[in-house]
Amino acid sequence: MKLKQLMTGAAMTALISGSAFASDVEVLHWWTSGGEAAALNVLKDDLGGQGIGWVDMPVAGGGGEAAMTTLRARVTAGDAPTAVQMLGFDIIDWASEGVLGNLNDVATAEGWDAVVPGALQAFSKHEGNWIASPVNVHSTNWVWINKAALDATGMAAPGSWDELVAVLDAMKANGITPLAHGGQAWQDATIFDAVVLGMGDAFYKSTMIDLDPAALGGADMVEAFNRMAKLRSYVDDNFSGRDWNLASAMVINGEAGMQMMGDWAKGEFLRADQKPGTDFECIRFPGTQGAVTFNSDQFVMFEVSEGRDAQLAMAKAVMDPAFQSAFNVVKGSVPARTDVPNTDFDDCGRKGMADLADAGNNDRLFGSMAHGHSVPASVKNAIYDVVTAHFNGEYDAETAAAELVNAVESAM
Ligand code: GAL
């Protein structure tokens, strides 16, 4: 076989350009929707331009559960990918297993300590060592509204739970599906993040972070589940199993009024050439204004015998300020470093950046339970099970609150 046929395009470019990187990075990720793939291309092109070869290892499935299952199988088989997209507590779990590469040299040379917010560093560092390179900050307490569908209600974007219900009722009366949703556990949990936060910062903290049994099983939790059931009543009959980006498409094409989803949804609106303020509105989930439930995609590098240069080059590249702007403009997220200008961002992105900074300053920034930043995966999955069983009508609100206490206790 000719040398050319044996090499990937990027490796060939590296060879021709005389780059120092002898190997590629194999990247395991779950960015397979249109908007996600567009953002991924920004990363691939950036790395390619620096002579870093890319071997794609996509595992479809929003929220990354399937990707994490594949990762576990690969590592067990002694075949870890070189770079992996990862969230929150999963990073810490893998770091504790002692299989992640140390990024201190590049972090020190690039001054990461000074520009990455502490809330992110809690997941990028383990025992004082940098083990992940954060590419973005997403947040889950957003609502994406079709502007024409909102205008047709004659109402303003909702600012409170009661206003939200009024808008959803009006959309229903107008003959569209009020709420676009995909019945998958992580999507139910994404709405649950926002509903719980909407009942107060203290309630979110005591339940989703501190796992206080009294709060998990108390009257406010019953109310949270009642609100989940209310939202369930606005979903169409075909919601079960639907992928999140197909739910976004329903809002984009006017079949549905709104979607409650993290800001990766904005990537889908942008891909469809929609403009914030004109075609769609982005608002914080009513009742959560000023607070943020965040998640941050980070890249971890597994320890490898060959290819460390390419890994370190990738870790450095994703933290480059110009790259962080270009990537996050497309992805819908905001930069993971505090020194990136908002110049190239649209109104939703600028709001996301300002909200993140304000929430951080005002002690209103919380890790997203649904996306692995408030509790370890075992507890997260236990919460998922109860939230989904309730959403599908298996439990009433009182039973769900009681089951939540049991499920969390057995997972701890
Ligand atoms: C999140 C991830 C985002 C986006 C989303 C849907 O967990 O942080 O980057 O990919 O899942 O797939």
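Residues numbered from 1 in each chain as written. Predicted model: local features only at pLDDT ≥ 70, side-chain atom pairs only at ≥ 80, totals over all residues. Heavy atoms only, no water.

Asker: Please clarify how the pattern of salt bridges should be interpreted in this entry.
Answerer: Should their charged atoms come close, side chains of opposite charge can pair. Across all of its chains, the model carries 15 salt bridges by this definition. Taking the shortest distance from any N to any O, the salt bridge between Asp113 and Lys125 comes out at 2.5 Å. Of this pair, Asp113 sits in helix H7 (residues 112-115) while Lys125 is found in strand E4 (residues 125-126), placing the two residues twelve residues apart along the sequence. The class for Asp113 is partly exposed, based on a relative accessible area of 43%. Through salt bridges with shared partners, one network takes in Glu26, Arg74 and Asp79. (Salt bridge = Lys/Arg side-chain N within 4 Å of Asp/Glu carboxyl O. Helix = DSSP H or I, 4+ residues; strand = E, 2+ residues; numbered from the N terminus. Buried < 20%, exposed > 50% of the residue type's maximum accessible area, 1.4 Å probe, protein only.)

Asker: Can you help me understand empty space enclosed by the protein in this one?
Answerer: Empty space among the atoms can be located by rolling a probe the size of a water molecule over them. This structure, assessed with the given rule, holds two cavities of 30 Å³ or more. Taken as a whole, the largest cavity spans an internal volume of roughly 100 Å³. As for the largest cavity, its lining consists of 14 residues, of which Trp30, Glu36, Gly63, Trp264 and His371 are closest to the centre. When its residues are assigned to classes, the lining of the largest cavity shows six nonpolar, five polar and three charged. Within this model, the second largest cavity holds a volume of roughly 50 Å³. If you trace the second largest cavity, you find it lined by Val137, His138, Ser139, Asp263, Arg284, Val292, Phe294, Val334, Gly352 and Leu356. (1 Å grid on protein atoms, 1.4 Å probe; cavity = no way out; pocket = protein on both sides within 12 Å on 5 of 7 lines; lining within 4 Å. Points joined across faces, edges and corners; volume = space filled by probe spheres on them. Nonpolar A, V, L, I, M, F, W, Y, C, P; charged D, E, K, R; others polar.)

Asker: In this structure, what is going on with the sheet that holds strand E14 (residues 365-367)? I would like to understand it.
Answerer: Picture the strands of a sheet paired through backbone hydrogen bonds; they go either parallel or antiparallel. The three strands are arranged E7-E12-E14 in an open sheet whose pairing can be described as mixed. Each edge of the open sheet is held by one strand with a lone partner, namely strand E7 (138-139) and E14. Of the strand pairs in this sheet, strand E12 (residues 292-295) and E14 are connected by three bridges, and their pairing is parallel. Bridging across to E14, Val292 finds its partner in Leu365. On the sheet, helix H12 (residues 201-209) packs against E12 and E14 and is oriented at approximately 25° with respect to E14. (Pairing = 2+ DSSP bridges. Contact = heavy atoms within 4.5 Å. Axes fitted to C-alpha atoms, helices over the stretch in contact; angles between N-to-C directions.)

Asker: Help me understand the layout of surface pockets, please; the structure alone is not making it clear to me.
Answerer: By volume, the largest pocket amounts to about 310 Å³. Along its surface, the largest pocket is lined by 18 residues, and Pro117, Thr338, Met353, Leu356 and Ala357 are the ones closest to its centre. Counting residues per element, the ones that place at least two in the lining of the largest pocket are helix H8 (118-124) and helix H19 (347-361). The element that contributes the greatest number of residues to the lining of the largest pocket is H19, accounting for five residues. Each residue belonging to the lining of the largest pocket can be placed in one class, and the counts come to 13 nonpolar, three polar and two charged. In this structure, the second largest pocket encloses a volume near 270 Å³.

Asker: What should I look at first to understand the packing of aromatic side chains in this one?
Answerer: Ring pairs (aromatic) are described by centroid distance and by the angle formed between their planes. A full pass over the atoms with the stated rule returns 14 aromatic pairs. When the ring of Phe239 is compared with that of Phe391, the centres are 6.0 Å apart and the planes differ by 75°; the resulting orientation is edge-to-face. Placement of Phe239 in the loop between helix H14 (219-232) and helix H15 (244-252) and of Phe391 in helix H20 (residues 377-391) is noted, with a sequence separation of 152 residues between them. Looking at Phe391, the relative accessible area reads 3%, which means it is buried. Both rings, one in Phe269 and one in Phe280, keep their centres 4.6 Å apart while their planes meet at 40°; by these two values the pair is tilted. Of this pair, Phe269 sits in helix H16 (residues 265-271) while Phe280 sits in strand E11 (residues 280-284), and the two are eleven residues apart along the sequence. Owing to a relative accessible area of 0%, Phe269 belongs among the buried residues under this scheme. Counting every residue linked through ring pairs, the aromatic cluster contains Trp31, Phe299, Phe323 and Phe327. Above the face of the Trp142 ring, Arg284 is positioned so that its terminal group lies 3.7 Å from the ring centre. (Phe/Tyr/Trp six-rings, centres within 6.5 Å; stacked < 30°, edge-to-face > 60°. Lys NZ or Arg CZ within 6 Å of the ring centre and 35° of its normal.)

Asker: Would you mind showing me how to read the site of the ligand here?
Answerer: In the vicinity of the ligand, 13 residues are found, and the nearest of them are Glu36, Asn295, Asp297, Lys331 and His371. Take Glu36: an N or O atom from its side chain is 2.5 Å from an oxygen atom of the ligand. With respect to the ligand, the side chain of His138 contributes an N or O atom lying 3.4 Å from an oxygen atom. Burial of the ligand by the protein amounts to 100% of the accessible area it has alone, namely 310 Å². Spatially, the ligand is embedded in the largest cavity. When its residues are assigned to classes, the shell around the ligand shows five nonpolar, five polar and three charged. When residues of the shell around the ligand are assigned to domains, at least three map to each of domain 1 (3-134 + 298-332) and domain 2 (141-294 + 369-411). (Near = heavy atom within 4 Å. Polar contact = N/O pair within 3.5 Å; in protein donor to acceptor, adjacent residues only side chain to side chain. Areas by Shrake-Rupley, 256 points an atom, 1.4 Å probe, with all protein chains shown as cover. Sits in = over half its atoms within 2 Å of the grid points. Domains from an automatic or database assignment.)

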